[in-house]
Each structure stands twice: as C-alpha cells, then as structure tokens.
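Chain by chain, the residues run as shown.
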Amino acid sequence: MQIIDKRNAMLSNYEVLALLREMDEKQREQANSNPNVKFAENLKTIQFEVIQNLSSSESPSSTQTPEQIETTLTQLKNYNLTKSEKLQFINLRPQSIAELELIIEDCEDRFGMDTLRELIYIIGSNLPMPGQVVRRLESGADALDDESMTFIHYPSEHQL
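Residues numbered from 1 in each chain as written. Predicted model: local features only at pLDDT ≥ 70, side-chain atom pairs only at ≥ 80, totals over all residues. Heavy atoms only, no water.

### A word on helix α2 (residues 41-55)
In an α-helix there are 3.6 residues to a turn, and that puts residues three or four apart on one side.
Here's step 1: A rise of 1.5 Å per residue sets the reference length of α2, with its 15 residues, at 21 Å; its end C-alpha atoms lie 21 Å apart and thus fit the reference within 8%.
Here's step 2: Among the residues of α2, those classed as buried are Q47, I51 and L54. One side of α2 holds all its buried residues, which, seen down the axis, span an arc of 75°. Facing away from the buried side of α2, by more than 90 degrees, are the exposed residues E41, N42, I46, F48, E49 and N53.
Here's step 3: The secondary structure elements touched by the buried residues of α2 are α1 (13-33). (Helix = DSSP H or I, 4+ residues; strand = E, 2+ residues; numbered from the N terminus. Expected span 1.5 Å × (residues − 1). Buried < 20%, exposed > 50% of the residue type's maximum accessible area, 1.4 Å probe, protein only. Arc of directions from axis to C-beta. Contact = heavy atoms within 4.5 Å.)

Following this line, the structure appears as structure tokens:
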C-alpha cells in the first residue's frame, strides 16, 4: 500500500490494521536479522494496542476483507454520501437506522426511511458480522419501531 498524498488520505480501520501488521512483521524480521536493532518502546506499545483493539471480535475490521469493502463502496456510489460517511460505514458497520442517523449529516433531510433501510441492508449483506443473517426490511413491513431488527441473530456454524 502506498500513500500518495499523506494529507489527503483517509484509511479505514481495516487498512490501518493491515499496515500495522505489515510493519510489525518487518520489525520482527529486522530484529531477527540484526539483534542490535532497537525500536522505540512507546511505538511498539502503541502498535500492539492498536492491533489488539482492531483485531478484537467487537471490531468490524477483524472480519472484513478488501473485496467486501470494495463491493460495499461500489454499491454505496448510488447514494449521495460523503467520503467520511462511507468510511464510517466501513469502520463502524452500523446495524440500525439510529446508528445511521448518527453517522449521516442531515440524515432526515437527505434520506427517507426506505433509503435508510436499503443502506442497512447493503452494509449488513456486504460487511456481515459472524453468526448473523441479514434480512431486508420492506417498506410498510410490520416492525417493532423504526429501529426494528435489521439483523436476525443465528448461532454460528461452530456453535451448532
């Protein structure tokens, strides 16, 4: 991965995780080939903590693939979303309309309820959480409220 204009780059958590893992591997190789090489201890601590955080099961970046991210971004092109809104979709993997409203600026003015349901479906189907199956909420469907269950939770295969 190469950053062309470092002041203009926005990286997803997945990209940060991949970059830090790559740096960690290079540092290990350097340490193995030259035992006298030293790295700043605070840098190693930060790298370790960020890798642990982004690799945790609570982090969407731990299960994402570049193909999933690319497919999601391709499908989101049809919507008038900013780069930062798309990036937050990738990083946070919102699962409800309420979460979308927190991410999208002027959400009520820009999108109707059906469009928000479509966005939830796109995100859920392209960036699924392990052990979850996505269902589409149809317009006018009986729902508990505007934030009705957008994901149906099933046990993952290894729990069966």
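We are not done yet, so read on.
### Focus: unusual backbone geometry
Here's step 1: Phi is positive for R93, close to 50°, though the residue is something other than glycine.
Here's step 2: Locating R93 in the fold gives a position in the loop between α4 (83-92) and α5 (97-103).
Here's step 3: Residue classification places R93 among the buried residues on the basis of a relative accessible area of 3%.
Here's step 4: Positive phi is not limited to glycine here, since D106 has a value of about 50°.
Here's step 5: Inspection of the secondary structure assignment puts D106 in the loop between α5 and α6 (107-110).

### With respect to helix α3 (residues 66-76)
Here's step 1: Three or more residues of α3 are buried, namely I69, T72 and L76. Projected down its long axis, α3 shows its buried positions confined to an angular sector of 65°, all on one face. Residues of α3 that are exposed and point over 90 degrees away from its buried face: E67 and E70.
Here's step 2: Buried residues belonging to α3 abut α1, α4 and α7 (113-126).

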